[in-house]
Amino acid sequence: MDRAERRLASADLLDPLDDELLGLVADTAAPDDALATVCDLATNHREAWSATRQDKALLRRVLNVAGASRPLGDLLARHPDAITALQRTEPLTVRAVADPIRAAVSASTDHEEQAANVATIRRRATAWIAANDLTDNVDVQHVAQQLSIAAEGVLTGTLEALLDQLDEPVAARIGVIGMGKLGGRELNYVSDVDVIFVHAPADGAAEDEATRQATLVLENLLRILNASTTMGRAYEIDPTLRPEGRHGALTRQVGSYVNYWERWAKTWEFQALLKARPVAGDLELGRELIRASEPFVWREDLDPDVVAEIRDMKGRVEGKPEVRKHGARQVKLGPGGIRDIEFAVQLLQLVHGRADGTLRVTATVPALEALAAGGYVAEDDAVTFINAYRTLRTIEHRLQLANERRTHTIPDDDDKQERLARSLGYRASPDSPARAEFLRDLAALQGRVRELHAKLFYRPLLETHAIVPASAGAVANPSARRQMGDEDAAERLRLLGFRDGPAALRHVQALTKGVSREARVLRAVLPAILHVLAASPDPDGGLRLLRDLVESHGSSADLLNLLRDQPPAAELLARLLGTSPVAGELLIAQPQGTDWLVDPAVRADARTREELVELALARLHWQDRNDAVRRFKRHELLRIVVRDLDGQAPVSLVGQELAALGDACLEVALAGELEVLADESGVEGPDTLPFSFAVLGMGKLGGRELHYASDLDVLFVHEPAEGADPDAATAMALTLAERMLAALGQITAEGTAFEVDADLRPEGRSGPLSRTLSSYRAYWDRWSEPWEHQSLIKVRHAAGDAELAERFMAEAGRLAFPDDLSEERVTIIRRLKARVEKERIRRKVDPRRHLKLGPGGISDVEWTVQLLQQRHGASRPALRVTSTQVALDALQDESLLEHRDATWLRDGYRFLSRIRNHLYLLRVRNVDLLPTDATTLERLARGMGYGRNGRQKLEDDYLRVTRRVRRVCERVFYEVEPADPFGRSAD
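Residues numbered from 1 in each chain as written. Predicted model: local features only at pLDDT ≥ 70, side-chain atom pairs only at ≥ 80, totals over all residues. Heavy atoms only, no water.

### Here we look at the packing of aromatic side chains
Each aromatic ring pair is summarised here by two numbers: the centre-to-centre distance and the angle between the ring planes.
Argument step 1. Taken as a whole and assessed by the stated rule, the structure comprises twelve aromatic pairs.
Argument step 2. Summarising the aromatic geometry, the rings of Trp780 and Phe808 are spaced 5.3 Å apart at their centres and angled 70° between planes, so their arrangement reads as edge-to-face. Note that Trp780 is positioned in helix 37 (residues 773-782) and Phe808 in helix 39 (residues 802-816), a separation of 28 residues in sequence. There is no split in this pair, since Trp780 and Phe808 are both buried.
Argument step 3. Ring pairing ties together the aromatic residues Tyr257, Trp261, Phe270 and Phe296, which thus form one cluster.
Argument step 4. Cation over ring: Arg122 sits above Tyr235, and NZ or CZ is 5.5 Å from the ring centre.
Argument step 5. The cationic tip of Lys833 hangs over the ring face of Phe973; the distance from NZ or CZ to the ring centre is 5.9 Å. (Phe/Tyr/Trp six-rings, centres within 6.5 Å; stacked < 30°, edge-to-face > 60°. Helix = DSSP H or I, 4+ residues; strand = E, 2+ residues; numbered from the N terminus. Buried < 20%, exposed > 50% of the residue type's maximum accessible area, 1.4 Å probe, protein only. Lys NZ or Arg CZ within 6 Å of the ring centre and 35° of its normal.)

### Quick look at the pairing of strand 7 (residues 712-720)
Argument step 1. One ladder, built from seven bridges, connects strand 6 (residues 691-697) with strand 7; its direction is antiparallel. Among the inter-strand pairings, Phe693 is bridged to a residue of strand 7, identified as His718.
Argument step 2. Two strands pair when backbone bridges link them, and strand 7 and strand 8 (residues 756-757) are joined in this way by two bridges, in the parallel orientation. Pairing of Asp713 across the sheet is with Asp757, part of strand 8. (Pairing = 2+ DSSP bridges.)

### Digging into the pairing of strand 1 (residues 172-178)
Argument step 1. Of all seven residues making up strand 1, six are buried, and the element is well covered by its neighbours.
Argument step 2. Bridge count for strand 1 against strand 2 (residues 192-201) is seven bridges, and the pairing is antiparallel. Bridge pairing links Ala172 to Pro201 in strand 2.

### Describing the side chain of His635
Argument step 1. With respect to the element layout, His635 can be found in helix 33 (residues 625-645).
Argument step 2. The exposure class of His635 is buried, given its relative accessible area of 15%.
Argument step 3. In this structure His635 touches Gln590, Gln592, Trp596 and Arg619, once residues within four positions along its chain are discounted. (Contact = heavy atoms within 4.5 Å.)

### Details of unusual backbone geometry
Trans is the prevailing form of peptide bonds, just as negative phi is the prevailing case for residues other than glycine.
Argument step 1. Positive phi, close to 70°, is recorded for Glu763, a residue that is not glycine.
Argument step 2. Looking at where Glu763 falls in the secondary structure, it is placed in the loop between strand 8 and strand 9 (770-772).
Argument step 3. Not every positive phi belongs to a glycine, and Arg923 is a case in point at roughly 65°.
Argument step 4. Positionally, Arg923 belongs in the loop between helix 43 (899-921) and helix 44 (934-943).

### Section: helix 29 (residues 581-589)
Argument step 1. Turning to helix 29, its buried residues are Pro581, Val582, Ala583, Gly584, Leu586 and Leu587.
Argument step 2. Where helix 29 starts, the residue carrying a side-chain oxygen 3.2 Å from the main-chain nitrogen of Val582 turns out to be Ser580. (Polar contact = N/O pair within 3.5 Å; in protein donor to acceptor, adjacent residues only side chain to side chain.)

Rendered as C-alpha cells:
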C-alpha cells in the first residue's frame, strides 16, 4: 500500500474509493499536499469534511488552495472554520476586513492576544483571495489589489481599535501612507508592507502631546502587526522608508517632511514617493502630505544627475549577489524580471510626469497604460510590458504561496519546478514534464522584457540627461578641485599612496558630489580617511569599498554618524577596508555590522561556544532555517574578522572562535533538520525520534584551530533507541546526515554556511555517512589503517548527543593512543606523510612555498606532534588533547620535546596559520601558497604588520621559520640528522 492509499485508509476514504475526489485532487498543483489536507479534514473534522464534500465548488477551492500552499492547506485542515471564508463571492473591501480587526483588537489589551487575533483574520482573508486566484482565474492585478485591500483593512482596523482604547483624549490625527507595493495596490502574498506615518495635532491639542501620543499608538500598531504568533504574523510592516530610516522619528508632521525633503532627501526617496498613497487613518491628512510632496517629486527642473542615479541604482540591483547567483531564475531582480519593467516605468514617469499629470499614478500597469495613451511609449511596447508584468507577478505569487515565504527565485529542484509549473496551469505531455514548457516560455518572455527595458531605460530622450562630470579640484573639496584641475588632483592622490590616481579621483568625486547631507559629511571626514587608507595594504581597493559601503547604506544615518562622530571607529573602518576585501564585502552585505566598529569593549571579548549556539538556535525560530544559519555565520564571521584585524585576537584565538562558530552552525543545522525529520515521521518532536545522533569534529575543527578557509571535517555516529527498529533508525540517521551536509554546504542567496567534509569516515566516500558505535568498532578492529587511527587524535564532540559522543571518543582513544606503537606502524606513518607531500603538491608548484605541505610547513608541525602523542599518549594523559598547540605545551611540560624545539614548532604553526588567514582575507584564491607576485606579497606583508616594502622581511621570516620547523621534524619525526633543504643554518 503506497503513501496515498495509507492516507486514504487512515481517513476512512479508501473503501469505497471516491474517483471524482481523486480526479479533483490530481488536477491540483501538488496532489500530495491537497490529499493530505483532505485526509486531515476527514480524520479530525468529519462534519466539516462532509459539508465541504457536498459543495463541489467549495471543495474545488479548498483543494486548489491546499495544492498550491502547504501552510494554507494546513490552516484549513487544522481550523475548518476557516473554510467558511472560502465561500465568499463578493470582492473584499477595506471595511469588511477593518471591522472584524477592530473588534478583535478591541476585545483584548494583551498585545500577544491581539496579534494572534489579527494574524488569524489576515490569514483567512489570504486563503479566500488564494481560492479566487487559483479557482476562478482572477486577473493578477485584481489579486494584488485584494491583497492590498486586506492590508489596508488590517492597518485601518488596528489603528482604529488602538485609538478607541486610549485612556486619554485623542490628541493626534494620524495618517498611514502606503509605499512600494502597498502604495501601488500591488502587494504579493508575502510582502513587506512599506509605510510611512504622518500626524497632526487634533483640535486644541499641543504639538508635543500629539507627537507623543501618535508615536505611542504607532509603536503599539507595529508591535501587534509584526509580532510572531502561533498563527504566524499579520504582516511585516516596514516603516524604514521614512526620513532618516530606522534612526528617524517614527512619525512626523507635514512641515517636518517638507523640511527634510528640502535639505536631505536623495533621489531614490523621491522615486519611492511615486508609489505613496494614503491607506489608513486620517486619509485627508495623508492626502495633504501627498500634495506637499508633489513639488519635490515632479520638479520644474530635473537635474540630469537624477537620471544617472536611477540608472546606477538599477545597475547595483543587477550586481547583487542573489542576482549574479540565480540569474534568470530570479524573476524580480534578474535580467528580464519585474524590476526591469518597474525601473523603466518609474524613470519615464519622473521625466515626463512633471508636465503631464495623467502619469502621476502609483501602480505599474495603469502607469504603462497612461504612458501609451500619452504617446511616450508605443502601444505595442506597453502591451508587451503589461503582459510580461502580469505573468511575472503571477509566477511570483505562486512561488510565495507554496510555503508562504518571501521569495522571488525559481527553485533549481526539478520537483519544485514541476509543482510551480502546474500551479501556473502547465501540464506534462507524454514527451516532457510541465516545467519544460514553462521554462521555455519564461526564457522567451524575459528576453523580450530585457530588450524592451534597454530601449526604454537607456535609448529615448532620457539619453540627453547625461551624467554631469564631478567638479575638478582638490581631492576632498569640490571648490578646491575646480581650481586645481583633475590631473593635479589625481597626481596628489598617487603621491599620497594610491596606485591609480585617476580612478581614485573618480571615487572621491562620486562620494563628495552634490549638496546632500551625505556629501557634506563625507567632504568633512574624507581627508582623514584617505590618510588612513593611503597607509593601508591596498589603498585603491579600500577606497572602492568605501564608496560601495556608503552606497549600500543608502539614506541611513548610521554610517555617516560613525564617520563624523566616532574618529577611532572611522579609522578602524578605513584600515579594514584597505586591508581586506573580505572584511569590506561582509560590511557591505550587512550594514548593521558597522556596530562592531564603535565599541572596543564589544570587540575585546570572544564569544563562547555556548553563547554562539544559543544565538544560532534563537534565529532558527524566527527566520528561514537555511537563511538563518547563513546570516548568522556571516554576521559572526564579520565579528571575528574585525577582532582579528584590530589586533584583538591572536591566530590561536581566531581558530577557537571559528571552531565555536562551526559548532554553532552544526548545532542549528542539526536542530532544524531534526525538527523536519520529526514532522515527516509524525512523532511529537525530535526527542521522540527512534535514535540518538552526534556529530564529531575532526581535523582542525576537532582541534579548535580552524582557518578562515577551512572545511568542517566531521564524523556522524548514531545509536538506535531501545526497542527501535535498527534498520529504520539507521535509515533516518543517514537521511539526517545527508540533509545536514546539504543544509550547510548549499549556496543560497544568503551565501554559504560551511563546507562540511565527512570523507574521514570509514571507507571514505564509499562508506555510509553515519554508523552505529558498534559498526565503528567492528571497522576499526578489522579494517582500519594507521592514518585513520592518527586522525582520531583530533576527535571531539561538535554537536548533537554529548553522551553518545563521549562514548565514541572513549572507543576512539584506544586507537589514537595505543599502549604500544610499533616501529612498523611508525614506518607506515612516515611513508604516508612523504607520499601525501609528493602527491598533493602540484608539479609546477615550488614545494618550498607551500604553507601546508612544503618543508617546514604546517603539516610538519602536525605530524611531528601527533606521532609523539601516539607514542606516549597511553601513559601520559596530558597528551590526549585535540589541539596541536595545547599538545605542544604538554609535550614540553612532559619533557618529551626540548624547549627550543617546542618553541620553533609553536611559532611556526602560528606564523604559517596567520599567513593562510591573511591570504584568505585578501581574497587570494590559493591560501596554501606563499605568493610570488610582488604586489600581492607586499599587500600580505603590510596586512601582517610589516609596513611599507615589507615583503622581503616577510620572505626572510618565512624562510627562517620553515627551516626551524623542518629541522625539528627531521630530527623528531623522521629521527634523522636534519638535512636543510635551503642550504642554510636554521638559526
